Amino acid sequence: MPNILIADDEKEIIRLLRIYLESDGVTVFEANDGAQALDILEKEDIDLALVDIIAESYCDFEDNGIELNIDIPDEAIMINADRSELKRAVTNLIVNVYKHNPSNIRARISVAEESGRAEIRVADSGDPLPEGVDIFEPFVTENTARTVGRGTGLGLAVTKRVIERHGGEVKVRPAADGYTKEFVIRL
Ligand SMILES: Nc1ncnc2c1ncn2[C@@H]1O[C@H](COP(=O)(O)OP(=O)(O)OP(=O)(O)O)[C@@H](O)[C@H]1O
Ligand SMILES: [Mg+2]
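Calculation criteria
- Residues numbered from 1 in each chain as written.
- Chains lettered and ligands numbered in written order.
- Predicted model: local features only at pLDDT ≥ 70, side-chain atom pairs only at ≥ 80, totals over all residues.
- Helix = DSSP H or I, 4+ residues; strand = E, 2+ residues; numbered from the N terminus.
- Rg over C-alpha atoms; globule rule 2.2 N^0.38 Å.
- Buried ≥ 20, exposed ≤ 12 C-beta atoms within 10 Å, placed from the backbone.
- Contact = placed C-beta atoms within 7 Å.
- Core = buried A, V, L, I, M, F, W, Y, C linked by C-beta atoms within 7 Å.
- Pairing = 2+ DSSP bridges.
- Axes fitted to C-alpha atoms, helices over the stretch in contact; angles between N-to-C directions.
- Parallel < 35°, antiparallel > 145°, perpendicular 65-115°, else oblique.
- Left-handed = near helix turned anticlockwise from the far one by under 90°.

Draft legend 1. Main features of the overall build of the chain. Helix and strand content of the chain: five helices and eight strands. Secondary structure elements of the chain, listed N to C terminal, follow the sequence β-α-β-α-β-α-β-α-β-β-α-β-β. The C-alpha radius of gyration of the chain comes to 18 Å, within 12% of the 16 Å expected for a compact globule of 187 residues. Based on the C-alpha atoms only, the size of the chain along its principal axes is roughly 55 × 35 × 30 Å. Residues counted as buried form 22% of the 187 residues belonging to the chain. Excluding contacts between residues fewer than 6 apart, the proportion of contacts in the chain whose partners are at least 24 apart in sequence is 62%.

Draft legend 2. Examining the nonpolar core more closely. Ile66, Ala89, Val90, Val97, Ala107, Val122 and Ile185 are the most contacted members of the largest nonpolar core, which has 20 residues in total. Looking at this core, the elements with two or more residues in it are helix H4 (83–99), strand S5 (106–114), strand S6 (117–124), helix H5 (155–165) and strand S8 (181–186). The dominant element in this core, judged by the number of residues it contributes, is H4, at seven residues. Ranked by size, the runner-up nonpolar core spans six residues in total, among them Leu5, Ile6, Ala31 and Ala37.

Draft legend 3. Seen up close, the sheet that holds strand S3 (residues 48–51). With parallel pairing, the three strands of this open sheet are ordered in space as S2-S1-S3. In this open sheet, the two strands that pair with only one neighbour each are strand S2 (27–31) and S3. Looking at each pair of strands side by side, their axes are set apart by 20 degrees on average, direction ignored. Relative to S3, strand S1 (residues 3–7) runs parallel, the two being bridged by four bridges. Residue pairing across strands places Leu5 opposite Ala49, the latter belonging to S3.

Draft legend 4. Representation of the sheet that holds S5. Across the sheet, five strands lie side by side as S4-S5-S6-S8-S7; this open sheet has mixed pairing. Edge positions in the sheet fall to strand S4 (67–71) and strand S7 (169–174), since each of these pairs with one other strand and no more. Recorded for the sheet is a direction-independent mean angle of 15 degrees between the axes of neighbouring strands. Taken together, the six bridges between S6 and S8 define a ladder with antiparallel strand orientation. When the bridges of S8 are listed, Ile120 appears paired with Ile185. Each of S5, S6 and S8 touches H4; the most contacted strand, S6, lies at about 15 degrees to it.

Draft legend 5. Representation of unusual backbone geometry in the model. At Ser115, a residue that is not glycine, the phi angle is positive and equals roughly 45 degrees. Within the fold, Ser115 resides in the loop between S5 and S6. Classification of Ser115 as exposed rests on a count of 6 C-beta atoms within 10 Å.

Draft legend 6. Spotlight on the packing of H4 against H5. Across the interface, H4 lies against H5 with an axial gap of 9 Å and an inter-helix angle of 150 degrees. The pairing of H4 with H5 is recorded here as roughly antiparallel in orientation. When the axes of H4 and H5 are compared, the crossing they make is left-handed. From H4, Glu85, Arg88, Ala89, Asn92, Leu93, Val95 and Asn96 reach across to H5, where they touch Gly155, Leu156, Val158, Thr159, Val162 and Ile163.

Draft legend 7. Examining the pairing of S5 more closely. One ladder, built from five bridges, connects S4 with S5; its direction is parallel. Residue pairing in the sheet places Asp71 in a bridge with Ser110 of S5. The sheet contact formed by S5 and S6 spans eight bridges and is antiparallel. Bridging from a neighbouring strand, Ala112 pairs with Glu119 of S6.

Take it as geometry only, folks, not as evidence of what the structure does.
Next comes the structure, spelled out in structure tokens:
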């Protein structure tokens, strides 16, 4: 029978999943944060790890009618970063996708290793980015009618600061496969 690790800071989610999985004969291990999760991964023979961040985003995307593709490699990629700060940095990119685009678009979240560095990428097939401004600067937003939720313009600046503090970088580049652009966090 498989051993499954559930890593989530939402205890209720763990509780519900545990009931469901255990009734199927699965052995469930739980972790409430990244450190605990790593500890369990070292000690136990885990077949599958369920981690919170993607599950949360799934709900957001579904609610906003956005088709989400996730491309995460089977083998673990170690990222040395403060878990909650990294989560905040990535969440800002994800929230922007549904906040600044129409609902009938596609998005892709992928994680990969490139030249020995971890990359977390968020691409979408939505509108092009505003031209002639540095969107990573604080308070830069585009106030057009198509922008549904008007933000303060701090999200990307926070992401950039957090990532640079960890010795990484964040960039945006044009993307292939029908995607308009792709934000890349490199750590
Ligand atoms: N995925 C995206 N698609 C289209 N436009 C985007 C996208 N991400 C960022 N932008 C543009 O870049 C601007 C800056 O983004 P940023 O996250 O810094 O601020 P915000 O989302 O407007 O406000 P906040 O994040 O503080 O709520 C946005 O106002 C928007 O015009
Ligand atoms: Mg934002």
